[in-house]
Amino acid sequence: MLMTLSALLPVILVIACGYGVARTGLITGDQWRGVERLAYYVLFPAVLFRTIATVDFSKLPTFGMGFSLMGAILALAALLLVIRLPLERVLGIPGPRFTSIFQGTLRWNAMIALAIAGSVVGEDGLAMLAIAMVFMIPLLNVLSILVLSHYASGNPPGAAKICKDLALNPFIVSIAAGILVNLAGLPLPDAVDSTLAILGSASLPIGIICVGASLDLSSLRRPGPALALGTFLRPLLMPLAAYGFTLLFGVTGTPQLVVIIASAVPTASNAYILARQMGGDAKLMAEIITLQTLAAAVTIPAALLIFG
């Protein structure tokens, strides 16, 4: 419990910092858009490329862990798409708000997962989480882009638009480049590695600050069905689904624990940035991220106690 809280408390404090900076007017609306683009196109891709380019996948249960995580994601994605129309007709949740529920349920905060895995498992946990990145991040970005392209715009996307969104997505590009460098066995020069490390270290605080800046705390006093679903579907269902798939693929011990950590952490802070970039309900997305992060002080220890 204490290790989990020590990993989450700094994130919560940085969210509060972003909220305070925005309310003082130190950074204005247009300037925030530039900060968001910096995180989206430079900082997060840097940490993804560096992590994947340098990990040794041959020593890890790569496919068992990867398939377990992908299975859980696809199962919950299918469930959400099945209930999409009932959510709109019964609860009045339109397409853009559905995209925030979708991202809030499926995506994960890799930085929080890295912090918790490093505390609970050690260096092996960090390497195993690199496996989770390889399998989860491209799939999650593809699913999120497709859902945002379809439901945020209100019109079915054409093939050209889908291909363009995927080809230009900086997360997918950086992961693909990292895999190519890893497979080619090319070491990163010290200067390049250090540069990427500096950029990557800035990704989490800047991304979380943007979340805090967008937050309207007054809306949290009027919770609705979209906020409730977006907040609690992930911590309730994702660890359960992931645990079931680890049993199916024979993943046990420390790798299973890392899968549970990856599935139990809150949704990704950059889900807010993607929602802003592609016309989703960014305000709802920011609220989901914040509430999930606050709730994680209870939900992550519970998931580790039950499944870990």
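Relevant structure appears above.
Before going into details, it helps to say that this report is about the structure given with it. Because the structure is predicted, anything quoted here is derived from the model rather than measured.

Across its full length, the protein holds 14 helices and zero strands. For the protein, the succession of helices and strands along the chain, N to C, is α-α-α-α-α-α-α-α-α-α-α-α-α-α. Since a compact globule built from 308 residues should have a radius of gyration of about 19 Å, the 18 Å found for the protein is in line with a globular shape. Counting only C-alpha atoms, the protein reaches 50 × 45 × 40 Å along its principal axes. A buried classification covers 52% of the 308 residues belonging to the protein. Considering only contacts in the protein between residues 6 or more positions apart, those separated by 24 or more positions represent 86%. Split by element, the accessible area of the protein, about 13,100 Å² in all, is 70% carbon and sulfur. The average position of the 16 basic charges and that of the 12 acidic charges among the side chains of the protein differ by 10 Å.

Turning next to the nonpolar core. Among the nonpolar cores identified, the biggest contains 88 residues, and Leu-106, Trp-108, Leu-129 and Tyr-272 are the most heavily contacted of them. Ranked by residues supplied to this core, first place goes to helix α7 (residues 123-152) with 16 residues. With near-sequence residues (within four places) excluded, Leu-106 lies in contact with Ile-73, Leu-76, Ala-77, Leu-80, Leu-140, Leu-143, Arg-234 and Met-238. Listed in part, the six residues of the second largest apolar core include Ala-46, Phe-49, Val-181 and Leu-188.

Moving on to the pattern of salt bridges. When their charged atoms lie close together, side chains carrying opposite charge are able to pair. Enumeration over the complete set of coordinates arrives at six salt bridges. Taking the shortest distance from any N to any O, the salt bridge between Arg-33 and Glu-36 comes out at 3.0 Å. Here the residue Arg-33 and the residue Glu-36 both occupy positions in helix α2 (residues 29-54), the gap between them amounting to three residues, near one helical turn. Between Arg-50 and Asp-193 there is a salt bridge, with the nearest N and O atoms lying 2.9 Å from each other. With Arg-50 in helix α2 and Asp-193 in helix α10 (residues 190-214), the pair connects residues that are 143 residues apart, well separated along the chain. Since its relative accessible area comes to 29%, Arg-50 is described here as partly exposed. In this structure, a network of salt bridges that share partners links the residues Arg-33, Glu-36 and Arg-276.

We now examine the side chain of Thr-105. Along the chain, Thr-105 turns up in helix α5 (residues 95-106). Of the residues examined, Thr-105 reaches a relative accessible area of 2% and is grouped as buried. Ignoring any residue separated from it by four or fewer positions in sequence, one finds Thr-105 in contact with Leu-76, Leu-80, Leu-229, Leu-233, Arg-234 and Met-238.

Note on terminology: a disulfide is the covalent bond linking the sulfur atoms of two cysteines. Applying the stated criterion to the full structure yields zero disulfides. Among the cysteines around Cys-17, which has no disulfide bond, Cys-210 carries the closest sulfur, lying 11 Å off. Under the relative-accessibility criterion, Cys-17 is labelled partly exposed at 42%. Judged by its relative accessible area of 1%, Cys-210 falls in the buried class.

It is worth spelling out the packing of aromatic side chains at this point. Enumeration according to the criterion identifies nine aromatic pairs in this entry. An aromatic cluster is present here, built from Phe-63, Phe-67, Phe-135, Phe-245 and Phe-249 joined pairwise through their rings. In this arrangement the basic side chain of Arg-84 is found over the ring face of Phe-98, its NZ or CZ atom lying 5.5 Å from the centre.

The complete set of buried residues in helix α13 (residues 270-278) reads Asn-270, Ala-271, Tyr-272, Ile-273, Leu-274 and Ala-275. Once α13 finishes, Gly-279 follows within two positions and takes phi at roughly 85 degrees, a positive value.

How each quantity is defined
- The residue numbers shown here count from 1 along each chain, following its written sequence.
- Only residues with pLDDT of 70 or above have their local features reported here, since the model is predicted, and side-chain atom pairs are shown and tallied only from 80 upward, although totals for entire chains, interfaces and linings are computed over all residues.
- Hydrogens and water molecules were not included; the side-chain quantities draw on all heavy atoms of the structure.
- Helical segments are the DSSP runs of H or I of at least four residues, strand segments are the runs of E of at least two, and each set is numbered from the N terminus.
- Here the globule rule is a power law, 2.2 Å times the number of residues to the power 0.38, and the radius of gyration is based on C-alpha atoms.
- Accessibility here uses a 1.4 Å probe with only protein chains present; expressed as a share of the type maximum, an area under 20% marks a residue as buried, one over 50% as exposed, and anything in between as partly exposed.
- Contact definition: two residues touch when any of their heavy atoms are within 4.5 Å.
- For every accessible area listed, the method is Shrake-Rupley and the probe measures 1.4 Å; residues are considered covered only by the protein chains on display.
- By the counting rule applied here, Lys and Arg register as positive and Asp and Glu as negative, while His and the ends of each chain are not counted.
- One atom stands in for each charge, and that atom is NZ of Lys, CZ of Arg, CG of Asp or CD of Glu.
- For the purposes of this section, nonpolar cores are sets of buried Ala, Val, Leu, Ile, Met, Phe, Trp, Tyr and Cys residues that join through side-chain atoms within 4.5 Å.
- Salt bridges are defined as contacts in which a side-chain nitrogen from Lys or Arg sits within 4 Å of a carboxyl oxygen from Asp or Glu.
- Whenever a pair of cysteine sulfur atoms sits within 2.5 Å, that pair is classed as a disulfide.
- Pairing of aromatic rings covers Phe, Tyr and Trp, the last counted by its six-membered ring, and requires centre-to-centre distances within 6.5 Å; plane angles under 30 degrees mean stacked, over 60 mean edge-to-face, and any other angle means tilted.
- Here, a charge over a ring means that NZ of Lys or CZ of Arg falls within 6 Å of the ring centre while also lying within 35 degrees of the ring normal.

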